[in-house]
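Working through the structure, step by step
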Amino acid sequence: MKTESIHRTSMWKFKLSAATMTLIPAAVGINYVAKALAEGLKLPVWLGSLGTFLASMLAGPVAGAISGFINNVIYGLTLSPISTVYAITSIGIGIAVGILHAKGWFSSAKRVFVSAIIIAIVSAVISTPLNVIFWGGQTGIAWGDSLFAVMVANHAPVWLASFTDEFVLDILDKVCVAYLAFFIYRQLPQRMIRFFRDDK
Amino acid sequence: MDEDKRITLDNLSVRYRGAEDAQLKNVSATASIGQIVGIIGNSHTGKSTLCRVLAGVIPNIISAEITGSCEVLGHSPVHEWPNFNSLTGVVLQNPAGQLSGLADTVADEMAFDLINQGISEDVINKRVANVAAQMGLTDQLVQTPESLSGGQMQRLAIATAIVTQPTILIMDDPTSEMDPLGRQQFFHWLANVQSTTVFIVSSEIDDLSEIADRIWVMDDGQLVEQGTPQAVFNYLDADRQIPKPTAYQLAAGMNWHLSNGALPVTPSELKEAYDGKN
Amino acid sequence: MTDQSMLSGNPAGKSRWFNAIDPISKLLLILDMALLSFASTNLLLEAGLITGGLLLLLFSKVSSTTVKALGFSLFLIFTMLVIQGLFYSKNQTVWFSIIGINFYKEGLIYATTLGSRVLVIILASGFFMVTTSISENAKYLEQSGLSYKTVYVLMSVCYILPEIMGNMRKIQQAQRVRGVNPQKTVIQKLKSVLPVLIPLVIKTLDQSMTRSISLQLRGFDNPNRKALKSTNRYRLVSGLHIGLTFAAIILIGWKLWTKISGLL
């Protein structure tokens, strides 16, 4: 029996099935607790996209994108208003993870590293204009912002300084999250993977 | 007996997709309308899988290879879902997972199935109050579901299953998190349930012996014994390692037999055997 | 999000002025205030919008969440003032000096404008947050014609999060009993996350499997489903929706027009 050739034809096929409908809120919840855990341990990363990664890996890019979008909207309307606009970034992350996973770029530890870098680039490219519009280019993380300040002081263009600021933070975060997701996904029971993949 | 008054499993086998072994192997069993069927056996012997087939979850929600047939009161849970689903109330193993995940209060949670059916608000309120009283949750109606204890959560899960007044009730270990008093109340309630066919997985052998009309014994995916509690426990192979009812153990030790020669399995039978002896 | 009071919202019976405004109107109000703030660089207008937002909050209620969000942004705005005041690319006019370091007028004004916009969004959203309960949103959205599925996907996380947090605490306690040492380095800390996250994720996903099965057994997609009426009585719903949407269109149009005419 062939096992790992699933998504190839149906990656973009999306139906809001009962399985996906309960997976998405769970993914948003996982994002929230992972972020809370990282903050509690004072880790230099956010981890707040772990659930989005897992949703994309389990149910495809569209489910991941919806998880990411809802994550930021709910977070924005209950805790931190500005995070709503970064919903666009989360959508990008969800889509990128979904495509990379479907194309087999989450199949080995080496490949995961490449995926993490691609996802970090996607995230930083989308976030940079938002950072410039809302925060003059800053990210709000002290050491990233110090880098930003040094670059602006040396007359680097704001776009470049802001992208660098965001990218160094993103690369660290996305590498951590990608490996966490890779590791956790491998521990999931087959019946669960099959259930959310929804191939009846 | 008519087809629509019988439960017939005929050579039923189930294997989950991707699994090596079958979870159910050639299960054949019968029961009839209005009976309480107690399903017993050690863990991982196929009890939950059997419940899932009876409820139509397999193969309609969880995919699996299924052979043989399963007919419940003239309906096939395999082929007539979701029509069959409207006749059943189901309590799954994990009580917290059964809550809708979008209800503010215990009352809203109980009303969910009725709102789905488009029933009018007056009727909903009456039925919710009635079911809450039956399950001893009247004081908790305005609380949030997640504030409930494990046992209360299970009673809420049962309430959501019976609020639609199902003709078939399927419960997978519904008392696992209840305290002894709650469990006693539950079995007392179950004994008085009218005009409902009940399938219940439980390890409460004493309670099942008292209330069940039939006992099905599962072992390694096979149905190895079926009959009245008295018949099943008197003829059950000791190798099965399934505990016997307290009354049976006591009577076996004292050598108190019923007039038909069997050992008693309930307290009242025990008394009968004792009285017969003296 | 774990705050229980957000679920239950206002205690029944006691209805205040903001309970008469429907959630969608409140969201449109956030949009309008944000658009107005972004359409202008006039600091007086920004000050007016901030005052408006503050008044809305003061006449409804002030919650710790809003104060926290404000505190974090104020700190960020402060660093923005420093960085832009010193290094903004269009800096020309020295406004003042502190121990020999020059702060420039252009950068400070730029940072103040951006900071004001952030404050406007936070205050307007804060008004929405403190006056609208999650259950009110869920019921209203379904009544407004969204399918139960959509409402579920949007809102369910608010209901299941307390349960996930509860599971996390249980797992953490179990880890502590097992005597996991406090971690020092980043790698050690990251590794210490795994024994909590893996069981938590599996448990959460398992729970959503059961929930998905249960929802189907309980007939959530029955076409006969009729949502119950919300207890809140809203006023002027369609008037507010039309007015606020119209205002949003005008503001976007105006912004686009000034951009285009700037290019010509």
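As annotated in an unreviewed UniProt entry, chain C carries the name Membrane associated transport subunit and comes from Lentilactobacillus otakiensis DSM 19908 = JCM 15040. UniProt's Subcellular location (unreviewed entry) comment on chain C is quoted here verbatim: "Membrane".

Looking up chain A in an unreviewed UniProt entry gives the name Membrane protein, with the organism given as Lentilactobacillus otakiensis DSM 19908 = JCM 15040.

Things to note about the overall build of chain C
On a plain count of helices and strands, chain C comes out with nine helices and two strands. Ordering the α and β elements of chain C from the N terminus gives α-α-α-α-β-β-α-α-α-α-α. Relative to the compact-globule value of 18 Å for 264 residues, chain C shows a C-alpha radius of gyration of 24 Å, a clear excess of over 25%. Overall size of chain C, expressed as C-alpha extent along the three principal axes, is 70 × 60 × 40 Å. Relative to its full complement of 264 residues, chain C shows a buried share of 36%. In chain C, once contacts between residues fewer than 6 apart in sequence are set aside, the share between residues at least 24 apart is 74%.

Re the interface of chain A and chain C
Opposite the 47 residues of chain A that make contact, chain C presents 52 residues. For the side of chain A that touches chain C, the secondary structure elements donating two or more residues are α2 (18-40), α4 (61-78), α6 (109-135), α7 (142-153), α8 (158-187) and α9 (190-197) of chain A. Of the residues assigned to the side of chain A that touches chain C, the class counts are 37 nonpolar, nine polar and one charged.

What about the UniProt feature "transmembrane region" (unreviewed entry) in chain C?
All names here are of chain C. With numbering aligned to this structure, UniProt lists the feature "transmembrane region" (unreviewed entry) at residues 34-57, 69-88, 108-130 and 234-257. Across residues 34-57, the secondary structure splits into 88% helix and 0% strand, with the terminal C-alpha atoms separated by 16 Å. End-to-end, the C-alpha atoms of residues 108-130 are 32 Å apart, and along that stretch the chain is 100% helix and 0% strand.

Looking at the interface of chain C and chain B
With 28 residues of chain C at the interface, the matching set in chain B holds 24 residues. Secondary structure elements with two or more residues in the side of chain C that touches chain B: α1 (4-8), α6 (134-143), α7 (148-177) and α8 (186-217) of chain C. Residue contributions to the side of chain C that touches chain B peak at eight residues, all from α8(C).

Re the UniProt feature "transmembrane region" (unreviewed entry) in chain A
Residue and element names in this part refer to chain A. The feature "transmembrane region" (unreviewed entry), as given by UniProt, occupies residues 45-66, 73-100, 112-134, 141-161 and 167-185 in the numbering adopted here. With 76% helix and 0% strand, residues 141-161 has end C-alpha atoms that lie 14 Å from one another. The distance from the first to the last C-alpha atom of residues 167-185 is 26 Å, and the span holds 100% helix and 0% strand.

Quick notes on the sheet that holds strand β3 (residues 36-40) of chain B
Note: strands within a sheet are paired through backbone hydrogen bonds, in either parallel or antiparallel orientation. Residue and element names in this part refer to chain B. The six strands lie next to each other as β5-β6-β7-β3-β8-β9, forming an open sheet whose pairing is mixed. Edge positions in the open sheet fall to β5 (88-91) and β9 (222-227), since each of these has one partner strand only. Averaged over all neighbouring strand pairs, the angle between strand axes comes to 15°, with direction disregarded. Here β3 pairs with strand β7 (residues 197-201) via four bridges, running parallel. Counterpart to isoleucine 36 in the pairing with β7 is valine 198.

Quick word on the sheet that holds strand β1 (residues 6-16) of chain B
All names here are of chain B. Read from one edge to the other, the open sheet built from three strands follows the order β2-β1-β4, with strand pairing classed as antiparallel. Every interior strand has two partners, whereas the edge strands, β2 (24-32) and β4 (64-72), have only one. Averaged over all adjacent pairs, the angle separating strand axes in this sheet is 15°, with direction ignored. Here β1 pairs with β4 via eight bridges, running antiparallel. Along β4, the bridge assignment pairs valine 14 with isoleucine 66.

Considering the domain arrangement of chain C
Domain parsing of chain C yields domain 1 (4-132 + 234-263) and domain 2 (150-217). For domain 1 of chain C versus domain 2 of chain C, the distance between C-alpha centres works out to 35 Å.

A short note on the packing of α2(A) against helix α3 (residues 50-59) of chain A
All names here are of chain A. Their axes nearest at 6 Å, the elements α2 and α3 cross at an angle of 150°. Between α2 and α3, the crossing angle belongs to the class labelled roughly antiparallel. For the pair formed by α2 and α3, the contact residues are Thr20, Leu23, Ile24, Ala27, Val28, Gly29, Ile30, Asn31 and Ala34 on the first element and Leu50, Gly51, Thr52, Leu54, Ala55, Leu58 and Ala59 on the second. Of the residues contributing to the contact of α2 with α3, the split by class is eleven nonpolar, five polar and no charged.

A look at the pairing of β7(B)
Residues and elements named next belong to chain B. Within β7, five of the five residues are buried, which leaves it mostly tucked inside the rest of the structure. Residues of β7 alternate between two faces, with Thr197, Phe199 and Val201 on one and Val198 and Ile200 on the opposite face, all of them buried. Each parallel crossover has a hand, and for strand β6 (residues 168-172) linked through helix α6 (residues 180-191) to β7 it is right-handed.

Comments concerning unusual backbone geometry
Residues and elements named next belong to chain B. Along the chain, isoleucine 58 connects to proline 59 via a cis peptide bond; the corresponding omega equals 5°. As for its position among the elements, proline 59 is in helix α2 (residues 57-60). With phi around 60°, histidine 44 is a residue other than glycine that occupies positive phi space. In this structure, histidine 44 sits in the loop between β3 and α1 (47-55). What makes histidine 44 exposed here is the crowd of 12 C-beta atoms within 10 Å. We note that aspartate 173 has phi near 50°; this positive angle belongs to a residue other than glycine. With respect to the helices, strands and loops of the structure, aspartate 173 is situated in the loop between β6 and α6. Residue class for aspartate 173 comes out buried when judged on the 22 C-beta atoms lying within 10 Å of it.

Remarks on the packing of helix α9 (residues 246-254) of chain B against helix α10 (residues 267-277) of chain B
Residue and element names in this part refer to chain B. At a closest axis distance of 9 Å, the pairing of α9 and α10 adopts a crossing angle of 20°. The orientation of α9 relative to α10 falls into the category roughly parallel. As α9 packs across α10, the resulting crossing turns out to be right-handed. For the pair α9 and α10, the contacting residues are Ala247, Leu250 and Ala251 in the first and Pro267, Glu269, Leu270 and Ala273 in the second. The residue inventory of the contact of α9 with α10, partitioned by class, reads six nonpolar, no polar and one charged.

Here is what the cut-offs are and how they apply
- Residues numbered from 1 in each chain as written.
- Chains lettered and ligands numbered in written order.
- Predicted model: local features only at pLDDT ≥ 70, side-chain atom pairs only at ≥ 80, totals over all residues.
- UniProt positions renumbered as here; feature names shortened; annotations may be inferred.
- Helix = DSSP H or I, 4+ residues; strand = E, 2+ residues; numbered from the N terminus.
- Rg over C-alpha atoms; globule rule 2.2 N^0.38 Å.
- Buried ≥ 20, exposed ≤ 12 C-beta atoms within 10 Å, placed from the backbone.
- Contact = placed C-beta atoms within 7 Å.
- Nonpolar A, V, L, I, M, F, W, Y, C, P; charged D, E, K, R; others polar.
- Pairing = 2+ DSSP bridges.
- Axes fitted to C-alpha atoms, helices over the stretch in contact; angles between N-to-C directions.
- Domains from an automatic or database assignment.
- Parallel < 35°, antiparallel > 145°, perpendicular 65-115°, else oblique.
- Right-handed = clockwise from strand over helix to strand, strands pointing away.
- Left-handed = near helix turned anticlockwise from the far one by under 90°.

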